[in-house]
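Chain and residue survey
As a plain string of letters, each chain reads:
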Amino acid sequence: MASSSIPLLTSVFTTIILTCLNPSITARASSAGTCYNSIISFGDSLADTGNLLRLDRLSSSSSSSSSSNTPPHFFLPPYGETFFHHPTGRCSDGRLVIDFIAESLGFPLIRPYFAGKDIRGRSDFIKGSNFAVIGATAIDDSVFRERGIHNPFTNVSLGTQLGWFKEMLASFCKESSDCKELLESSLVLMGEIGGNDYNHALFQGLKIKEVESFVPLVVQTISSAIQELIDLGAETLVVPGNLPIGCSSSYLTYFQSSNKHDYDMETGCIKWLNEFAKYHNKLLLTEINRIRELNPHALIVYADYYNAAMTLYRSPQKYGFKAGALKACCGAGGPYNYNASAPCGYPPATSCDDPSLYVAWDGLHLTEAAYRFIARRLLQGPYSGLRINRFCPPASTNFRSSA
Ligand SMILES: *[C@@H]1O[C@H](CO)[C@@H](O)[C@H](O)[C@H]1NC(C)=O
Ligand SMILES: *[C@@H]1O[C@H](CO)[C@@H](O)[C@H](O)[C@H]1NC(C)=O
């Protein structure tokens, strides 16, 4: 049977999960029996599978406003070249972590929310929905605007995405018990979200100390969203942490330093930026543990993107990537092949011959090959005894579409 070959969603990411493991999780995990009917995802460019692309089209067709005519670089080739062979609105050469999770659980690729909306604005919900938007922040955009921080891509926040989700629920579930049932049997991917709350501020010149002061609010915003989803019925949530931004070609270029002590000797990553990412992750994990205690029936998996990516940066060749993992595949030159004024998608930026050998795609996002690696670490970790759940065999799928 196909089902036996489907990798179980296991928590790889491991030391952390195992040490924080709460006994109720083990109990639930071993009870098995249940299965997923759908995948629901929130997040930013690490998870957007086409929402911003559609939102941009909607806004440029419905208004002749000041929005410029040049499309964002990630809507242009070579984005999508490896798997889809055309741009899909994903910030990579191919599939993202969410795509690999869907595939390995036996689902079709999860539709972007704005791809499923019909002319009356109602959403079609087949096997799930993805609300992630490129550039989205956890905290509301207005908070950043008040501080003079500009989001170049969108004003969508996690709160906006939750609002869409609740609208969709209202149009989809006839009774509130239907909604609860739907959520109980869903796998909820909460992010990655929060990275942009820092990216935009740091690239616009705010000092790290100032940006550090946002972290508790970012984490609290994510944790309130998790609690709200649990209150609506969600029982299984995967919450990714931040990536090691000190290894990102864009950060390495922007914060290039002549002080060699700023760099980690082993990887060449910028240490203080990675410390910052770890600080966010530490606070996020503390919150996750707090929510686990408050909601012992829920299973909340921390997806350790940080350490999965660090594994690649430390020994790229061991995992089939080429040495020099800090250099982006697609860019317009410079020590990390990243130049903010000449981003991937616009000349003179060009793409490398074989993106599957690269970890960094465009300087800010990773390649499909790197996302596949991260997803595998999440799906097939060494601790497969820690079973989370399975997909439902097609016959038992109750939620086919909105009637
Ligand atoms: C975000 O922008 C859209 C259109 O650009 C606008 O309609 C909407 O009201 C804005 N939302 C917020 C919360 O500012
Ligand atoms: C970055 O790209 C711009 C535009 O193509 C170019 O003028 C500039 O010289 C580049 N900077 C570097 C450091 O290569």
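Conventions adopted
- Residues numbered from 1 in each chain as written.
- Chains lettered and ligands numbered in written order.
- Predicted model: local features only at pLDDT ≥ 70, side-chain atom pairs only at ≥ 80, totals over all residues.
- Heavy atoms only, no water.
- Helix = DSSP H or I, 4+ residues; strand = E, 2+ residues; numbered from the N terminus.
- Buried < 20%, exposed > 50% of the residue type's maximum accessible area, 1.4 Å probe, protein only.
- Contact = heavy atoms within 4.5 Å.
- Areas by Shrake-Rupley, 256 points an atom, 1.4 Å probe, with all protein chains shown as cover.
- Axes fitted to C-alpha atoms, helices over the stretch in contact; angles between N-to-C directions.
- Parallel < 35°, antiparallel > 145°, perpendicular 65-115°, else oblique.
- Left-handed = near helix turned anticlockwise from the far one by under 90°.
- Nonpolar A, V, L, I, M, F, W, Y, C, P; charged D, E, K, R; others polar.
- Pairing = 2+ DSSP bridges.
- Salt bridge = Lys/Arg side-chain N within 4 Å of Asp/Glu carboxyl O.
- pLDDT = per-residue confidence, 0-100.
- Core = buried A, V, L, I, M, F, W, Y, C linked by side-chain atoms within 4.5 Å.
- Near = heavy atom within 4 Å.
- Polar contact = N/O pair within 3.5 Å; in protein donor to acceptor, adjacent residues only side chain to side chain.
- Phe/Tyr/Trp six-rings, centres within 6.5 Å; stacked < 30°, edge-to-face > 60°.
- Lys, Arg positive; Asp, Glu negative; His and termini not counted.
- Arc of directions from axis to C-beta.

**As for the overall build of the protein**
Along the backbone of the protein there are 15 helices and seven strands. Counting over 403 residues, the protein shows a buried share of 56%. A sequence separation of at least 24 residues applies to 75% of the contacts in the protein between residues at least 6 apart. Accessible surface for the protein amounts to roughly 16900 Å². Of this, 54% is attributable to carbon and sulfur atoms.

**A short note on the packing of helix 11 (residues 215-232) against helix 13 (residues 271-294)**
It is the contact of helix 11 with helix 13, at a shortest axis distance of 9 Å, that shows an interaxial angle of 30°. Considered as vectors, helix 11 and helix 13 are oriented roughly parallel to each other. Every pair of crossing elements has a handedness; the one defined by helix 11 and helix 13 is right-handed. Of the residues in helix 13, those touching helix 11 at Val 215, Pro 216, Val 218, Val 219, Ile 222, Ser 223, Ile 226, Gln 227 and Ile 230 are Phe 276, Tyr 279, His 280, Leu 283, Leu 284, Glu 287, Arg 290, Ile 291 and Leu 294. Of the residues that constitute the contact of helix 11 with helix 13, the class distribution is 13 nonpolar, three polar and two charged.

**A look at the sheet that holds strand 6 (residues 299-303)**
Reading across from one edge, 3-2-4-5-6 is the order of the five strands in this open sheet, with parallel pairing throughout. Either end of the sheet is taken by a strand with one partner, and the two such strands are strand 3 (128-130) and strand 6. Each strand axis lies, on average, 15° off the axis of its neighbour in the sheet, ignoring direction. In this fold helix 8 (residues 176-184) packs onto strand 2 (38-42) and strand 4 (186-190), with an angle of close to 70° to the strand it touches most, strand 4.

**Here's the deal with the pattern of salt bridges**
Counted according to the given criterion, the structure contains ten salt bridges. Across the salt bridge formed by Asp 141 and Arg 145, the nearest N and O atoms sit 2.9 Å from each other. Separated by four residues within a single helix, Asp 141 and Arg 145 lie in helix 6 (residues 141-146), roughly one turn from each other. On the basis of relative accessibility, which here comes to 9%, the residue Asp 141 falls in the buried class. In this structure, the salt-bridge partner of Lys 209 is Glu 212, at a minimum N-O distance of 3.2 Å. Taken together, the residues Lys 209 and Glu 212, both in helix 10 (residues 208-212) and three residues apart, mark about one turn of the helix. For Lys 209, a relative accessible area of 63% puts it in the exposed group. Through salt bridges with shared partners, a single ionic network connects Arg 95, Glu 103, Glu 368 and Arg 372.

**Remarks on unusual backbone geometry**
Following Gly 191, the chain continues into Glu 192 via a peptide bond in cis, with omega recorded as 15°. Here Glu 192 is to be found in the loop between strand 4 and helix 9 (195-203). Put simply, Pro 347 and Pro 348 share a cis peptide bond, and its omega is 5°. Note on placement: Pro 348 falls in the loop between helix 14 (305-314) and helix 15 (368-379). Of note in the backbone geometry, His 85 takes a positive phi value of approximately 65° without being a glycine. Examined against the element boundaries, His 85 turns out to sit in the loop between helix 4 (51-62) and helix 5 (97-104). Taking relative accessible area as the criterion, His 85 reaches 61% and is therefore assigned exposed.

**Describing the confidence of the model for the protein**
Across the protein, the average pLDDT comes to 85, with 81% of residues at 70 or higher. A low-confidence stretch, residues 395-403 (pLDDT under 50), is modelled with 27 contacts involving residues beyond four sequence positions or located in other chains.

**So, the nonpolar core**
Counting 115 residues, the largest nonpolar core has Phe 42, Met 190 and Ile 222 as the members making the most contacts within it. In this view, Met 190 contacts Phe 42, Leu 158, Ile 222, Ala 225, Ile 226, Leu 229, Val 238, Val 239 and Pro 240; residues no more than four positions away in its chain are not counted.

**Observations regarding the site of ligand 2**
Lining the immediate surroundings of ligand 2 are Asn 339, Ala 342 and Pro 348. Between ligand 2 and Asn 339 there is a distance of 2.3 Å, counted from an oxygen atom to a side-chain nitrogen or oxygen. The protein chains hide 33% of the 360 Å² of surface that ligand 2 would expose on its own.

**Concerning the packing of aromatic side chains**
This model, assessed by the stated rule, comprises 19 aromatic pairs. Note on Phe 42 and Phe 131: the rings are 5.4 Å apart at their centroids and 15° apart in plane angle, and the pair reads as stacked. Placement of Phe 42 in strand 2 and of Phe 131 in the loop between strand 3 and helix 6 is noted, with a sequence separation of 89 residues between them. As far as burial versus exposure is concerned, Phe 42 and Phe 131 are alike and both buried. An angle of 85° between the planes, with centres 5.6 Å apart, marks the rings of Tyr 79 and Trp 361 as edge-to-face. Of this pair, Tyr 79 sits in the loop between helix 4 and helix 5 while Trp 361 sits in the loop between helix 14 and helix 15; the two residues are 282 residues apart in sequence, bridging distant segments of the chain.

**Examining the side chain of Asp 197**
Counting through the fold element by element, Asp 197 comes out in helix 9. Notably, Asp 197 is buried but unbridged: the nearest opposite-charge side chain belongs to Arg 147, and the N-O separation is 9.8 Å. Discounting chain neighbours no more than four positions away, the residues touching Asp 197 are Thr 137, Ala 138, Ile 139, Phe 144, Phe 214 and Val 218.

**Structural notes on helix 8**
Considered for burial, the residues of helix 8 that qualify are Cys 179, Leu 182 and Leu 183. Take helix 8 and look down its axis: the buried residues cluster within an arc of 95°, on one side only. Elements in contact with the buried residues of helix 8: strand 2, helix 7 (158-172), strand 4 and helix 11.

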